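Residue strings, one per chain:
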Amino acid sequence: MNRKWLGKWVAMLLVIAAGSLLVNLSSCAFNQHLISIQLQPGDGTFSAVDPNAFFNYKAFGTYIHPPKTVDITNMVHWQSDNPQVVQILSPGVVSPNTNCGVAQIFASFHDSPNDVVSNLVTVTVDGPASLGCPQGSVTENLSVDVTGAANGVIVSSPSGINCGTTCSAAFAFGSSVALTPTPNTGHTFGGWGVGCTTVTGTTCNVTMNTNVAVSATFN
């Protein structure tokens, strides 16, 4: 082969190589694939069945070709595995529905030919025991303010308050607490002021649906 034909073959090979490189670059540019979805923030708890309460979640997608992570909250399909407990109001907006309990939310996106599914986020609706909700994770504070505190003691059932010395304690949301006064020798119990849900004899009964402050008097 003479030099003239050799030069032509080299030129053709260079053109073919350049074309192949351009095709590969073009393919990479136009085939950006979603490989994972991450929901943020993490697990959450609502303290009651309250349709006006909500959490805002974001979905972040990670792509290749080129690698990047971006907010795709409005692109993905949001779901709850227990919609009677937790409902999706709009992309990323999660609210309690009509029941208490536990639900998991997740998001998905179809990036042909694959379906990409996010991590699971657990959302608990932990309302009053009367609704059958799990107890223990949500508490409210009960405090007792006593006039003439040196003249007697107020004790709670379940235990937590012994006022005298301990006049404030946390109790499970929705639980009932009974406060019983015991006057010291030579003194009398003057009565309850604000804060009791009901009073039976000298016992103050409190339902812990919120933080409660109770007042009492010893004479």
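Calculation notes
For every chain, the first residue of the written sequence is number 1, and numbering continues from 1 along that sequence. Local features in a predicted model are, by the rule used here, given only for residues with pLDDT of at least 70; side-chain atom pairs are given and counted only at 80 or more, and totals for whole chains, interfaces and linings are based on all residues. With hydrogens and water set aside, each side-chain value is computed from the structure's full complement of heavy atoms. Strands are runs of DSSP state E lasting at least 2 residues, helices are runs of H or I lasting at least 4, and numbering of each runs from the N terminus. Residue burial is assigned from relative accessible area. The probe radius is 1.4 Å, only protein chains are included, and a residue is buried under 20% of its type maximum, exposed over 50%, and partly exposed in between. The criterion used for residue contact is that any of the two residues' heavy atoms lie within 4.5 Å. A pair of cysteine sulfur atoms is labelled a disulfide when the two atoms are within 2.5 Å. Strand pairing follows a simple DSSP-based rule, namely that at least 2 bridges must link the two strands. Two rings from Phe, Tyr or Trp (for Trp, the six-membered ring) form a pair when their centres are within 6.5 Å of each other. A pair whose planes differ by under 30 degrees is stacked, one over 60 is edge-to-face, and the rest are tilted. Within 3.5 Å is the distance limit for a polar contact, defined as a pair of N or O atoms, with the added protein rule that one can donate a hydrogen and the other accept it, and that residues adjacent in sequence qualify only through two side-chain atoms. Buried Ala, Val, Leu, Ile, Met, Phe, Trp, Tyr and Cys residues form a nonpolar core when they are joined through side-chain atoms within 4.5 Å.

### Digging into the overall build of the chain
Item 1. For the chain, the helix and strand inventory stands at one helix and 20 strands.
Item 2. When the 219 residues of the chain are sorted by exposure, 32% land in the buried category.
Item 3. When contacts within the chain are restricted to residue pairs at least 6 apart in sequence, those whose partners lie at least 24 apart make up 55%.

### Quick word on unusual backbone geometry
Item 1. Residues His65 and Pro66 are joined by a peptide bond in cis, for which omega reads -10 degrees.
Item 2. For the peptide bond that leads from Ser112 to Pro113, omega is 10 degrees, which places it in the cis range.
Item 3. Inspection of the secondary structure assignment puts Pro113 in the loop between β9 (101–111) and β10 (114–117).
Item 4. Even without a glycine there, the phi angle at His65 is positive, about 65 degrees.

### Considering the state of the cysteines
By definition, a disulfide links the sulfur atoms of two cysteine residues through a covalent bond.
Item 1. In total, this model carries two disulfides according to the counting rule given.
Item 2. Across a sulfur-sulfur distance of 2.1 Å, Cys196 and Cys204 are joined as a disulfide pair. Here Cys196 and Cys204 share a disulfide; its torsion about the S-S bond, -120 degrees, makes the bridge left-handed.
Item 3. Its relative accessible area of 0% is what places Cys204 among the buried residues.

### Some words on the sheet that holds strand β7 (residues 86–90)
Item 1. With respect to topology, three strands assemble into an open sheet ordered β3-β8-β7, the strand pairing being antiparallel. Of all the strands in the sheet, the pair left with one neighbour each is β3 (55–56) and β7.
Item 2. Across two bridges, the pairing between β3 and strand β8 (residues 93–96) is antiparallel. The partner of Phe55 across the bridge, within β8, is Val94.

### Focus on the sheet that holds strand β14 (residues 162–163)
Sheet strands pair by backbone hydrogen bonding; their relative direction is either parallel or antiparallel.
Item 1. The five strands lie next to each other as β14-β13-β16-β19-β18, forming an open sheet whose pairing is antiparallel. Two strands close off the open sheet at either side, each with one partner strand: β14 and β18 (198–200).
Item 2. Here strand β16 (residues 176–183) runs beside strand β19 (residues 203–207); their pairing, made up of four bridges, is antiparallel. What sits directly across from Ala178, in β19, is Asn205.

### As for the environment of Val49
Item 1. You can see Val49 is positioned in the loop between β2 (44–46) and β3.
Item 2. Residues Val49 and Asn97, spaced 48 residues apart in sequence, show a C-alpha to C-alpha distance of 6.6 Å.

### Overview of the packing of aromatic side chains
Item 1. For the coordinates displayed, the defined rule picks out four aromatic pairs.
Item 2. When the centroid spacing of 5.4 Å and the interplanar angle of 65 degrees are considered together, the rings of Phe189 and Phe218 count as edge-to-face. Of this pair, Phe189 sits in strand β17 (residues 189–192) while Phe218 sits in strand β20 (residues 212–218); the two residues are 29 residues apart in sequence, bridging distant segments of the chain. Of the two residues, Phe189 and Phe218, both sit in the buried class.
Item 3. Chaining the aromatic ring pairs together yields one cluster made of Phe46, Phe55 and Tyr57.

### Quick look at the side chain of Ser95
Item 1. By secondary structure assignment, the location of Ser95 is in strand β8.
Item 2. At 2.8 Å, the side chain of Ser95 forms a polar contact with the backbone oxygen of Ala53.
Item 3. Here Ser95 is in contact with Phe46, Asp50, Pro51, Ala53, Phe54, Val85, Val86, Gln87 and Leu89, once residues within four sequence places are set aside.

### Let's talk about the nonpolar core
Item 1. By size, the foremost hydrophobic cluster in this structure holds 21 residues, and its most contacted members are Ile37 and Val86.
Item 2. Leave out the neighbours within four places in its chain, and Ile37 touches Ala59, Phe60, Ile72, Val76, Ala107, Ser108, Phe109, Val116, Ser118 and Asn119.
Item 3. If you look at the next biggest cluster of nonpolar residues, it comprises 19 residues, including Ile154, Phe171, Leu179 and Met208.

### Some thoughts on the side chain of Thr203
Item 1. For Thr203, the position within the fold is in strand β19.
Item 2. For Thr203, the residues in contact, after removing those within four places along its chain, are Ala178, Leu179, Thr180, Trp192 and Thr198.

### Observations regarding the environment of Gly160
Item 1. Note that Gly160 resides in the loop between β13 (152–157) and β14.
Item 2. Filtering out sequence-adjacent residues up to four positions away, Gly160 remains in contact with Thr166, Ser168, Ala169 and Phe171.

By themselves, these figures tell us nothing about what the structure is for.
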